[in-house]
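# Examining the three-dimensional arrangement
Residues per chain are reported as follows:
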Amino acid sequence: MSLKLVLVAACALVDPDGRVLLAQRPEGKTMAGLWEFPGGKIEDGERPEETLIRELREELGVIVSEACLAPLTFASHSYPDFHLLMPLYVCRRWAGTVAAREGQKLTWVKPNKLRDYEMPPADVPLVSHLMTLL
């Protein structure tokens, strides 16, 4: 049986103190209550970098330049009804103040504390890559 492939781009925003931004999935969404890296589905004809620029503006109200998005790793995970492929980028520079614009909770987390937050299964393996980088 073949699963539908879903392409999602995610970003680890890293503040000057070396903390990573996590967003909690709001009630009513799949996997509500779990913490994840901001981002979203890649639209048809869109590159992952374009997706992140759009999603970070919509979700968090920040402006990110493509030059400030550095690819780090990716997740490839099969859920029961789809397969997720998700590149993870790191961004240390943006314009504006991070704010929750879609009802999600936000928190800044030191890399060594990322495992304290329950995440979707696809996000979990990304944590070790961030801990190594930061």
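Scope of this entry: the structure provided in the associated data block. All values reported here derive from a predicted model rather than from experimental measurement. (Residues numbered from 1 in each chain as written. Predicted model: local features only at pLDDT ≥ 70, side-chain atom pairs only at ≥ 80, totals over all residues. Heavy atoms only, no water.)

### Side note on the sheet that holds strand E5 (residues 69-78)
Across a sheet, strands are paired by hydrogen bonds formed along the backbone, either parallel or antiparallel in direction. Our working rule: Here, any two strands with at least 2 DSSP bridges between them count as paired. The way it works is that DSSP assigns letters per residue, a run of H or I at least four long becomes a helix, a run of E at least two long becomes a strand, and they are numbered from the N terminus. For helices, the fitted axis covers only the stretch in contact; all axes are lines through C-alpha atoms, and the angles between them, taken along N-to-C directions, range from 0 to 180 degrees. Residue contacts are defined here by distance: any two heavy atoms, one from each residue, within 4.5 Å place the two residues in contact.
Within the open sheet, the 4 strands sit side by side as E4-E1-E6-E5. Their pairing is mixed. Looking at the sheet topology across the chains shown, the edges are occupied by strand E4 (39-41) and E5. Ignoring which end each strand starts from, the neighbouring axes of this sheet average 20 degrees apart. In the packing of helix H2 (residues 126-133) onto the sheet, contacts are made with strand E1 (4-13), E5 and strand E6 (82-91), and the angle to E5 comes to roughly 155 degrees.

### Focus on a nonpolar patch on the surface
What counts, and what does not: Within the patch definition used here, like charges are joined within 9 Å and nonpolar side chains (Val, Leu, Ile, Met, Phe, Trp, Tyr) within 5 Å, considering only residues with over 30% relative accessible area and no salt bridge. Accessible surface is estimated by sampling points in the Shrake-Rupley manner with a 1.4 Å probe; for residues, cover comes only from the protein chains shown. Salt bridges are identified by distance alone: a Lys or Arg side-chain nitrogen within 4 Å of an Asp or Glu carboxyl oxygen. For every residue, the accessible area (1.4 Å probe, protein chains only) is compared with the maximum for its type, and the residue is labelled buried under 20%, exposed over 50%, or partly exposed between those bounds.
On the surface, Leu5, Leu7, Phe74 and Leu85 cluster together into a nonpolar patch covering about 370 Å² of accessible area. With respect to the helices, strands and loops of the structure, Leu7 is situated in strand E1. Take Leu7: its relative accessible area is 37%, and that puts it in the partly exposed class.

### Considering the packing of aromatic side chains
Rule in force here: Geometry of aromatic contacts follows a simple scheme: Phe, Tyr and Trp rings, the Trp one being its six-membered ring, pair when their centres are within 6.5 Å, and the pair is stacked under 30 degrees between planes, edge-to-face over 60, tilted otherwise.
Enumeration over the complete set of coordinates arrives at 3 aromatic pairs. With 5.4 Å between their ring centres and 80 degrees between their planes, Trp35 and Tyr117 make a pair best called edge-to-face. Placement of Trp35 in strand E3 (residues 35-36) and of Tyr117 in the loop between strand E7 (105-109) and H2 is noted, with a sequence separation of 82 residues between them.

### Observations concerning the side chain of Glu59
The condition is simple: His is not counted here, nor are the chain ends, while Lys and Arg score as positive and Asp and Glu score as negative.
Structurally, the position occupied by Glu59 is in helix H1 (residues 48-60). The charged side chain of Glu59 is buried without a salt bridge, its nearest counter-charge being Lys29 at 6.1 Å. When sequence neighbours within four positions are dropped, the list of residues in contact with Glu59 reads Pro38, Gly39, Ala99, Ala100, Arg101, Glu102 and Gln104.

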